[in-house]
Amino acid sequence: RNLTVIADAERMIRRREPDFSMDKLPDDDPEVYEMLSRGDSSGVFQLESGGMRQMLTQLRPQSIEDLTAAISLYRPGPMDSIPKFIACKHDPSKVSYIIPQLEPILSITYGCIVYQEQVIEIFRKLGGYSLGQADNMRRAISKKKEKVIIAERQTFVHGDAARGIPGAIANGVSETAAEAIYKEILDFANYAFNKAHAAAYAVIAYQTAYFKCHFPKEYMAALLTSVLDSSEKIAEYIGECRECAIALLPPDVNRSDDRFTVEPEGIRFGLVAIKNIGRGLIARMMREREVNGPFADFQ
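Small disclaimer: the values here were computed from a predicted structure and weren't measured. (Residues numbered from 1 in each chain as written. Predicted model: local features only at pLDDT ≥ 70, side-chain atom pairs only at ≥ 80, totals over all residues. Heavy atoms only, no water.)

1. Considerations on the sheet that holds strand 1 (residues 248–249)
In spatial order, the strands read 1-3-2; together these three strands make up an open sheet with mixed pairing. Whereas interior strands pair on both sides, the edge strands pair on one side only; in this sheet they are strand 1 and strand 2 (261–263). Bridge count for strand 1 against strand 3 (residues 266–268) is two bridges, and the pairing is parallel. Note on strand 3: the bridge partner recorded for L249 is R268. (Pairing = 2+ DSSP bridges. Helix = DSSP H or I, 4+ residues; strand = E, 2+ residues; numbered from the N terminus.)

2. A few points about unusual backbone geometry
Within the chain, Q46 stands out as a residue other than glycine whose phi angle is a positive 70°. Relative to the helices and strands, Q46 resides in the loop between helix 2 (30–37) and helix 3 (50–59). When its relative accessible area of 34% is taken as the criterion, Q46 is described as partly exposed. Here K144, not a glycine, exhibits a phi torsion of approximately 55°, which is positive. (Buried < 20%, exposed > 50% of the residue type's maximum accessible area, 1.4 Å probe, protein only.)

3. Things to note about the side chain of E218
Its location among the elements puts E218 in helix 12 (residues 216–226). Classification of E218 by relative accessible area gives buried; the value is 2%. If sequence neighbours within four positions are ignored, E218 has contacts with A9, M12, I13, R16 and V262. (Contact = heavy atoms within 4.5 Å.)

4. A short note on helix 3
Turning to helix 3, its buried residues are M52, M55, L56 and L59. Take helix 3 and look down its axis: the buried residues cluster within an arc of 105°, on one side only. Away from its buried face, by an angle of more than 90 degrees, helix 3 presents the exposed residues G50 and Q54. Following helix 3 by one or two positions, R60 has its phi on the positive side, about 50°. (Arc of directions from axis to C-beta.)

Next up, the structure:
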């Protein structure tokens, strides 16, 4: 649905800016991040719930990377890490690592384990696991296979020659540190999110936020069209249009299309949003206007 919203908004923008292209969107627009930092994210993909908006005001995101983390953290479980994550983002002196070797893996998330990919990297870089072996452990942890997890502690710390795993001690990590790291993995890894998935979401979240910030009429028209079947959502987004000082123009037999459209004065109501008017009738009315011009009177 959100990809359709983006495509519809892009099509409407091109009517007044023919050269506009999604490919030219900067991913570091300060106005977009300022808008999100105010919690002004109603209608923005993945970021419109009340709790998420409150988190954004505290996090004050400045990059796609920050949005990726926000989407990953705002779920039951990892939510407990949000205060620490935000504190470390705004005060680097609070970021700490059990051993320096963890810094390249966890610096992007201010010392917190947030992503499954980080769990895989810890097993690989510190324990000496292959990619496949590390991914098996990620899967075991995310599925809470307790026996496998407990049995694997010895291998992570001391290695397993039969499986070709050297272990953390062989990689220069003290036994105490290796045990502490394994405990931290267990504490966080079952909540870890797939970063590839979250990053794809974050890009779409940013794109929808960019439209809302710079092309609010086209974006809100596309958004309203996308929720035509939900009178509740239509009411919510009409309220958002008022917040953005966008006039919502009433349905007009000679000016309305089936969907919500943009006019210089505001957004014109789409006829499909009116109950008991079928799409077939609307299509015939629009065709009649094209062939014979505007309707002259009711008859």
